[in-house]
Amino acid sequence: MVTIRRANPGDAVFIAETYRPFVDAHYVSFELTAPNADEIARRIEAAGNLYPWLIAEDDQPLAYAYASPHRTRPAYLTSVDVAIYAAENARGQGVSKRLYARLFEILTAQNYVMAFAGIVTPNDASIGVHKSLGFELVGTYPNVGFKDGAWRDTTWWGKRLAEPTTPPAKIRPVSDVI
């Protein structure tokens, strides 16, 4: 039975191993060097209590998802960027959709309004998952990155998590909602 829980620095080895092929063997991540477990642990800790990292597991970890700041200026505070990566043995089983759905529930309870996902193209699988969960194409950054010997476009997808309020609701800590 798949369960979803908050990730912690102890999950860094699984996360680093899951993410490595997306960096080393593919263009879908614009990182050029895969981060090691220590760097992943640092990223989880840096997310603090505002940006959740989640793990889906069934006897062993299967996938992870996380939120991060959309931009650093204060006016963007109610928007987040999101990402999800599944271990090879977990792909195509619906784990990513369940994990993402839980992340969106948490982000909504925290009072975030918009979630954005940048997807390097082509990447039909990722686009399909995002569209199935209500993301809509908001734009394309053409030739924004150079990886694996070619210029790459990134499409940006947005999902409204909640209706915006005036003034914006205060962002709640992750620990207050899970």
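Model, not experiment: these values are computed from the prediction.

Cut-off values and rules
- Residues numbered from 1 in each chain as written.
- Predicted model: local features only at pLDDT ≥ 70, side-chain atom pairs only at ≥ 80, totals over all residues.
- Heavy atoms only, no water.
- Helix = DSSP H or I, 4+ residues; strand = E, 2+ residues; numbered from the N terminus.
- Rg over C-alpha atoms; globule rule 2.2 N^0.38 Å.
- Buried < 20%, exposed > 50% of the residue type's maximum accessible area, 1.4 Å probe, protein only.
- Contact = heavy atoms within 4.5 Å.
- Salt bridge = Lys/Arg side-chain N within 4 Å of Asp/Glu carboxyl O.
- Pairing = 2+ DSSP bridges.
- Axes fitted to C-alpha atoms, helices over the stretch in contact; angles between N-to-C directions.
- Parallel < 35°, antiparallel > 145°, perpendicular 65-115°, else oblique.
- Left-handed = near helix turned anticlockwise from the far one by under 90°.
- Nonpolar A, V, L, I, M, F, W, Y, C, P; charged D, E, K, R; others polar.
- Lys, Arg positive; Asp, Glu negative; His and termini not counted.
- Polar contact = N/O pair within 3.5 Å; in protein donor to acceptor, adjacent residues only side chain to side chain.
- Phe/Tyr/Trp six-rings, centres within 6.5 Å; stacked < 30°, edge-to-face > 60°.

1. Observations concerning the overall build of the protein chain
Thinking step 1. When you go through the protein chain residue by residue, the secondary structure sums to four helices and seven strands.
Thinking step 2. Taken from the N to the C terminus, the helices and strands of the protein chain come in the order β-α-α-β-β-β-α-β-α-β-β.
Thinking step 3. Compactness check: the protein chain gives a C-alpha radius of gyration of 16 Å against a globular reference of 16 Å for 178 residues, within 12% of the reference.
Thinking step 4. Each of the three principal axes of the protein chain carries a C-alpha extent, and together these read 45 × 40 × 30 Å.
Thinking step 5. Taken over 178 residues, the protein chain has a buried fraction of 44%.
Thinking step 6. Sequence separation of at least 24 residues holds for 67% of the intrachain contacts in the protein chain that already meet a minimum separation of 6.

2. Some words on the pattern of salt bridges
Thinking step 1. On inspection of all chains with the given rule, the structure shows eight salt bridges.
Thinking step 2. Of the charged contacts, one joins Asp 11 and Arg 5 as a salt bridge, the two residues approaching to 2.7 Å between their closest N and O atoms.
Thinking step 3. Relative accessible area serves as the criterion here: at 26%, Arg 5 is assigned to the partly exposed category.
Thinking step 4. Measuring nitrogen to oxygen at the nearest pair gives 3.1 Å for the salt bridge that ties Glu 105 to Arg 102. Of the two residues, Glu 105 and Arg 102 both sit in helix H3 (residues 95-109), three residues apart, roughly one turn of that helix.
Thinking step 5. Classification of Arg 102 by relative accessible area gives partly exposed; the value is 29%.
Thinking step 6. Via salt bridges that share partners, Glu 31, Glu 39, Arg 42 and Arg 43 belong to a single interconnected network.

3. Section: the sheet that holds strand S3 (residues 61-69)
Thinking step 1. Read across the open sheet, the seven strands follow the order S1-S2-S3-S4-S5-S7-S6; overall the sheet is mixed. At either margin of the open sheet sits one strand with a lone partner, and together these are strand S1 (3-6) and strand S6 (136-147). When the angles between neighbouring strand axes are averaged without regard to direction, this sheet yields 25°.
Thinking step 2. Here five bridges tie strand S2 (residues 53-57) to S3, and the two strands are oriented antiparallel to one another. By the bridge assignment for S3, Leu 54 is matched with Ala 65.

4. A look at the packing of helix H1 (residues 12-24) against helix H2 (residues 37-47)
Thinking step 1. Two elements in contact, H1 and H2, have axes whose closest approach is 8 Å; the angle formed by their N-to-C orientations is 110°. In this view, H1 runs roughly perpendicular relative to H2, as classed from their interaxial angle. Considering only the axes of H1 and H2, their crossing is right-handed. Each of Ala 12, Val 13, Ile 15, Ala 16 and Tyr 19 in H1 lies in contact with H2, whose residues at this interface are Ala 37, Ile 40, Ala 41, Arg 43 and Ile 44.
Thinking step 2. Its residues assigned to classes, the contact of H1 with H2 comprises nine nonpolar, no polar and one charged.

5. Details of the side chain of Arg 152
Thinking step 1. With respect to the helices and strands, Arg 152 occurs in strand S7 (residues 150-160).
Thinking step 2. For Arg 152, which is buried and forms no salt bridge, the nearest opposite charge comes from Asp 148, at a distance of 4.7 Å.
Thinking step 3. At a separation of 3.2 Å, a polar atom in the side chain of Arg 152 contacts the main-chain carbonyl oxygen of Lys 147.
Thinking step 4. What Arg 152 contacts, discounting residues up to four positions off in sequence, is Tyr 27, Phe 30, Val 120, Tyr 141, Pro 142, Asn 143, Val 144, Gly 145 and Lys 147.

6. Brief notes about the packing of aromatic side chains
Thinking step 1. On inspection of all chains with the given rule, the structure shows 12 aromatic pairs.
Thinking step 2. Ring geometry for Trp 53 versus Tyr 64: centroids 6.1 Å apart, planes at 5°, classification stacked. On the criterion of sequence distance, the pair formed by Trp 53 in strand S2 and Tyr 64 in strand S3 is long-range, its members being 11 residues apart.
Thinking step 3. Here the aromatic residues Tyr 19, Phe 22, Trp 53, Tyr 64, Tyr 66 and Tyr 85 are joined through ring pairs into a cluster of three or more.

7. Quick word on the pairing of S2
Thinking step 1. In terms of burial, S2 is largely enclosed, as five of its five residues are buried.
Thinking step 2. Burial of the side chains of S2 extends over both faces: Trp 53, Ile 55 and Glu 57 are buried on one face and Leu 54 and Ala 56 on the other.
Thinking step 3. By the bridge criterion, four bridges tie S1 to S2 in an arrangement that is antiparallel. The residue bridging Arg 5 from the neighbouring strand is Ile 55, located in S2.
Thinking step 4. Linking S2 back to S3 in an antiparallel pair, the connection comprises three residues, with Asp 59 at a positive phi of about 70°.

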